[in-house]
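Reading the structure
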Amino acid sequence: MSVSMKREKRATSASTSPLCFLVTTIGGRYFGFEAEYLLGVQTSENGESLQDPVVQGITYRVVDLAVRLNLATEGRWDRTQGVLLEDGRRRGCVSVQKVHGLLDVHLSQLLPLPAQFRGPERVWYRGMILFDHSVVLVLNTAWVLEEQLEGVVSKIESQGTESIVALQGTMQSKDQAC
Amino acid sequence: MLRTNGHAQHHETSRSWNLLVFSVGGRRLAVRTLEVGGISQWHESIPVSGRTPFVSGVVRLNQIVLPVFDLAAALQRTVQGTSLLCLRMKHSLGDLAVCIDEEIPVLQTLDRSMIQPYRDRDVPAEGSYAHGQEEVPILSVSRLGMGVW
């Protein structure tokens, strides 16, 4: 397995500054993650399922959003990539189908969830972004990681099985835009 | 994309309502034309996981994203046709998109004296009228997606 890491967090953006999101596919739908909480992307090179990855001695428990968002019944899909997120003491690795890259948008392009959605989903999503003739649903990181606080495990791996590589490829080039 | 029922449309008055009559799963329904934002071809909706009954997705119309009210599911029916239509309704919380049958909707003017209370509770209605043996509900758009009706 390999992990692409972000080198540093972005400074807090002003209202006029672009927002940055990592666009992924889960269960055939576009979902976005707030880049300011993004630590990196883990890729399973041999097609095996993701286990709780350990990066720099810290375990990131896998978050199965397909179950929480009730996407699991819509067919099987490979979960060979993981999005590593950290929000304070909460950490997790969200298994995804595909990582498309980082997307910069202005605040005005982050559309609110329509008011007709009146259930707990108002907490699940931060909003929507127009993307590729479709819509990216931007997930609320606090909700994504809400069950992870007690699951945080610090573990020093004497013999790490994963390699940590510098930000590279698509992630690197798009990160510079953020 | 509309037909009239053979009678000229009149301005809505205190004595009459202008209605758009359409069908979902073969079931005839009506909505006041004042509450119709437009009709267009239906594009596949984008599912949005959530727990609001019958509001389970959005549809993108160019640069606009509208929530979808699944009227067919509320009626426990399946929309009919291969060229389905999108009926845009003016809801107090913002426009709603509803997928309807491919059958072209009809404009109709109805004298208010013909409007009766709607007896069923499958959809929120401002009333109903008789069309032969059929009772046609006039949808209460403001109550769509607002819980039990």
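The model shown is predicted, which means the values in this text are computed figures rather than measured ones.

**Overview of the overall build of chain A**
Scanning chain A from terminus to terminus reveals four helices and 14 strands. The buried share among the 178 residues of chain A stands at 51%. Considering only contacts within chain A whose residues lie at least 6 apart along the sequence, 70% involve residues at least 24 apart. Carbon and sulfur atoms make up 45% of the accessible area of chain A, which amounts to about 8,700 Å² in all.

**Focus on the interface of chain A and chain B**
Listed per partner, the contact involves 23 residues of chain A and 23 residues of chain B. Here chain A meets chain B over a buried area of about 1,800 Å², counting both sides, of which 64% is carbon and sulfur. In this assembly, chain A and chain B are joined by zero salt bridges. Here chain A is connected to chain B by 10 residue pairs in polar contact (both at pLDDT 80 or more). Sorting the residues of the side of chain A that touches chain B by element identifies α2 (121-124), β11 (125-131) and β12 (134-139) of chain A as the ones contributing at least two each. For the side of chain A that touches chain B, the leading source of residues is β11(A), giving four residues. Along the lines of polarity and charge, the residues of the side of chain A that touches chain B split into 15 nonpolar, four polar and four charged.

**Description of the nonpolar core**
Residues F33(A), L65(A), V94(A), F22(B) and L71(B) are the most contacted members of the largest nonpolar core, which totals 59 residues. In contact with V94(A), not counting residues within four places along its chain, are I26(A), F33(A), V63(A), L65(A), Q81(A), G82(A), V83(A), L85(A) and V144(A). Core analysis: the second largest hydrophobic core is formed by 10 residues, V23(A), L103(A), V136(A) and V138(A) among them.

**Remarks on the environment of R91(A)**
All names here are of chain A. Within the secondary structure layout, R91 lies in strand β9 (residues 90-96). Linking R91 and P18, residues 73 residues apart in sequence, is a C-alpha distance of 25 Å. Polar contacts involving the side chain of R91 include one to the side chain of E86, which spans 2.6 Å.

**Points about the confidence of the model for chain B**
Summarising the model, chain B shows a mean pLDDT of 91, and 90% of its residues fall at 70 or more. The ipTM, which scores confidence in the relative placement of chains, is 0.87 for this predicted complex, and the corresponding pTM is 0.81.

**Description of the sheet that holds strand β2 (residues 19-26) of chain A**
Residue and element names in this part refer to chain A. Strand order in the open sheet formed by five strands is β10-β2-β3-β12-β11, with mixed pairing between adjacent strands. Two strands lie at the open edges of the sheet, namely β10 (98-105) and β11, each paired on one side alone. Averaged over all adjacent pairs, the angle separating strand axes in this sheet is 30°, with direction ignored. Sheet topology places strand β3 (residues 29-34) next to β12; two bridges connect them, and they run parallel. In the strand pairing of β12, F31 is matched with L137.

**Let's talk about the packing of aromatic side chains**
All names here are of chain B. For the structure on display, the rule yields four aromatic pairs over all chains. A ring pair is formed by F54 and F69, whose centres lie 6.1 Å apart and whose planes are at 65°; its orientation type is edge-to-face. One end of the pair, F54, is in the loop between β5 (46-47) and β6 (55-61); the other, F69, is in strand β7 (residues 64-69), and 15 residues separate them in sequence. Note on F54: relative accessible area 31%, which makes it partly exposed. Owing to a relative accessible area of 1%, F69 belongs among the buried residues under this scheme.

**With respect to the side chain of E34(A)**
Residues and elements named next belong to chain A. With respect to the element layout, E34 can be found in strand β3. In this structure E34 comes out as buried when scored by relative accessible area, which is 6%. Look past the residues within four positions of E34 in its chain and what remains in contact with it is C20, F21, R126, V138, L139, N140 and T141.

**So, the pairing of strand β2 (residues 16-24) of chain B**
Residues and elements named next belong to chain B. β2 sits mainly inside the fold: nine of its nine residues count as buried. Residues S16, N18, L20, F22 and V24 of β2 are buried on one face, and the alternating residues W17, L19, V21 and S23, pointing to the opposite face, are buried as well. Where β2 meets strand β10 (residues 106-111), six bridges bridge the pair, whose relative direction is antiparallel. Counterpart to L20 in the pairing with β10 is L107. For β2 and strand β3 (residues 27-32), the ladder comprises six bridges, and the chain directions are antiparallel. Note on β3: the bridge partner recorded for L20 is V31. Hairpin connection of β2 to β3: two residues between the antiparallel strands, including G25 at a positive phi of 60°.

Criteria and thresholds
- Residues numbered from 1 in each chain as written.
- Chains lettered and ligands numbered in written order.
- Predicted model: local features only at pLDDT ≥ 70, side-chain atom pairs only at ≥ 80, totals over all residues.
- Heavy atoms only, no water.
- Helix = DSSP H or I, 4+ residues; strand = E, 2+ residues; numbered from the N terminus.
- Buried < 20%, exposed > 50% of the residue type's maximum accessible area, 1.4 Å probe, protein only.
- Contact = heavy atoms within 4.5 Å.
- Areas by Shrake-Rupley, 256 points an atom, 1.4 Å probe, with all protein chains shown as cover.
- Buried area = accessible area lost by both parts, 1.4 Å probe.
- Salt bridge = Lys/Arg side-chain N within 4 Å of Asp/Glu carboxyl O.
- Polar contact = N/O pair within 3.5 Å; in protein donor to acceptor, adjacent residues only side chain to side chain.
- Nonpolar A, V, L, I, M, F, W, Y, C, P; charged D, E, K, R; others polar.
- Core = buried A, V, L, I, M, F, W, Y, C linked by side-chain atoms within 4.5 Å.
- pLDDT = per-residue confidence, 0-100.
- Pairing = 2+ DSSP bridges.
- Axes fitted to C-alpha atoms, helices over the stretch in contact; angles between N-to-C directions.
- Phe/Tyr/Trp six-rings, centres within 6.5 Å; stacked < 30°, edge-to-face > 60°.

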